Amino acid sequence: MRIYREKDYEAMSRRAAAVIAGEIIHNPACVLGLATGSTPEGAYRYLVDWYKQGFINFRHVLSVNLDEYVGLSPDHDQSYRYFMQSNLFDHVDIVPENTRVPDGLTADTDAECARYDAYILSLGYASLQLLGIGRNGHIGFNEPGDCFVKQTHVVDLTESTIDANARFFPTWDDVPKQAISMGMGAIMGAKKILLCASGEEKADAIYNSVCGPITPGCPGSILQLHPNVVLVADEAALSKLIAAGVKV
Ligand code: GLP
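Rules and cut-offs
Residues numbered from 1 in each chain as written. Predicted model: local features only at pLDDT ≥ 70, side-chain atom pairs only at ≥ 80, totals over all residues. Heavy atoms only, no water. Helix = DSSP H or I, 4+ residues; strand = E, 2+ residues; numbered from the N terminus. Rg over C-alpha atoms; globule rule 2.2 N^0.38 Å. Buried < 20%, exposed > 50% of the residue type's maximum accessible area, 1.4 Å probe, protein only. Contact = heavy atoms within 4.5 Å. Areas by Shrake-Rupley, 256 points an atom, 1.4 Å probe, with all protein chains shown as cover. Phe/Tyr/Trp six-rings, centres within 6.5 Å; stacked < 30°, edge-to-face > 60°. Near = heavy atom within 4 Å. Polar contact = N/O pair within 3.5 Å; in protein donor to acceptor, adjacent residues only side chain to side chain. 1 Å grid on protein atoms, 1.4 Å probe; cavity = no way out; pocket = protein on both sides within 12 Å on 5 of 7 lines; lining within 4 Å. Sits in = over half its atoms within 2 Å of the grid points. Nonpolar A, V, L, I, M, F, W, Y, C, P; charged D, E, K, R; others polar. Axes fitted to C-alpha atoms, helices over the stretch in contact; angles between N-to-C directions.

Colleague: I tried to follow the overall build of the protein chain on my own but got confused; where do I start?
Modeller: Summing up its helical and strand segments, the protein chain has 8 helices and 10 strands in all. Over its C-alpha atoms the protein chain spans a radius of gyration of 17 Å, differing by no more than 12% from the 18 Å that the globule rule assigns to 248 residues. Here the C-alpha coordinates of the protein chain stretch approximately 50 × 45 × 35 Å along the principal axes. Of all 248 residues assigned to the protein chain, the portion counted as buried reaches 52%. Contacts in the protein chain between residues far apart in sequence, at least 24 positions, make up 79% of those at least 6 positions apart. Of the roughly 10,800 Å² of accessible surface on the protein chain, a fraction of 51% belongs to carbon and sulfur atoms.

Colleague: When you look at the packing of aromatic side chains in this model, what are you seeing that I'm missing?
Modeller: The relative placement of two aromatic rings is captured by the distance of their centres and the angle of their planes. Evaluation of the coordinates by the stated rule reveals 7 aromatic pairs. Centre to centre, the rings of Tyr-80 and Phe-141 are 6.0 Å apart; their planes meet at 15°, and the pair counts as stacked. Remark: Phe-141 occurs in the loop between β6 (128–131) and β7 (153–156) and Tyr-80 occurs in helix α3 (residues 80–87); sequence separation between them is 61 residues. Taking the relative accessible area as the measure of exposure, Phe-141 reaches 2% and is therefore buried. In textbook terms, an aromatic cluster arises when at least three aromatic residues are bridged by ring pairs, as seen for Tyr-69, Tyr-80, Phe-141 and Phe-169.

Colleague: Just checking my understanding: could you explain the site of the ligand for this structure?
Modeller: In the vicinity of the ligand there are 13 residues, among which Ser-38, Thr-39, Asp-67, His-138 and Lys-202 approach most closely. Asp-67 is positioned with one of its side-chain polar atoms (N or O) 2.8 Å from a nitrogen atom of the ligand. In the environment of the ligand, a nitrogen atom lies 3.2 Å from a nitrogen or oxygen atom belonging to the backbone of Gly-140. Out of a free accessible area of 390 Å², the ligand has 92% covered by protein chains. When each cavity is represented as a set of grid points, the ligand is found to reside in the largest pocket. For the shell around the ligand, the class distribution of residues is 3 nonpolar, 7 polar and 3 charged.

Colleague: Explain the packing of helix α2 (residues 41–52) against α3 here, please?
Modeller: Helix-helix packing: each pair is described by the crossing angle between the helix axes and the interaxial distance. One can describe the packing of α2 onto α3 by two numbers: an axis separation of 10 Å at closest approach and a directional angle of 40°. Listed contacts from α3 to Glu-41, Tyr-44 and Val-48 of α2 are Phe-83, Met-84 and Asn-87.

Just geometry here; none of it tells us what the structure is for.
What follows is the structure, given as structure tokens:
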């Protein structure tokens, strides 16, 4: 695992964007596995800026997103489709049909999950999978549990995740309690993984993912088994690793 230690959120965002831009420049028809949340927002801002300056384009890029809330429509301002449109897709030249986010309104979640996995498989998996991480170590919406789930699946969100997401909704009751998430098969199938983290509240999740036992109790720990992971994090998110004497 290559670790980039950055001083703050802004520097982390710029470095993460540089890794993604590098992938696009190297392979203009790459498949980007994309993530939502506050962590990648800054990286998307840099990518839009670099697109506008003509350094990169998304003309041939395909994207598959990690997850979507069950029950939210694409135009709900807290849906992950809406997030992707407003933070990236609406501002660059990506072909709309080449962007995929699980359908949170599907009447048949099992069929939607199978369809999503089949599509990712048909692309040969992501060239680069971007990941944030939850405070409890979740990646995508693969929450801590008894096993790693391979396929795209419906997840019952944990209370800690619902609490963390509650800041975006009027009341706790409005926060979706389920999501469709890519499973570990699609995530680990990516040729390269870019894990990003910022802030002290992620320090335990990062420490456990990088140094802890490989266990579904900390979903991010599965990344230790991937041969090509780049971790881009700020000093606060790396603080537990630094305190433990890990060279970063
Ligand atoms: C959600 C998303 C994850 C994201 C996590 C952390 O649960 N499904 O993909 O990594 O939130 O979000 P944030 O970056 O806002 O801390």
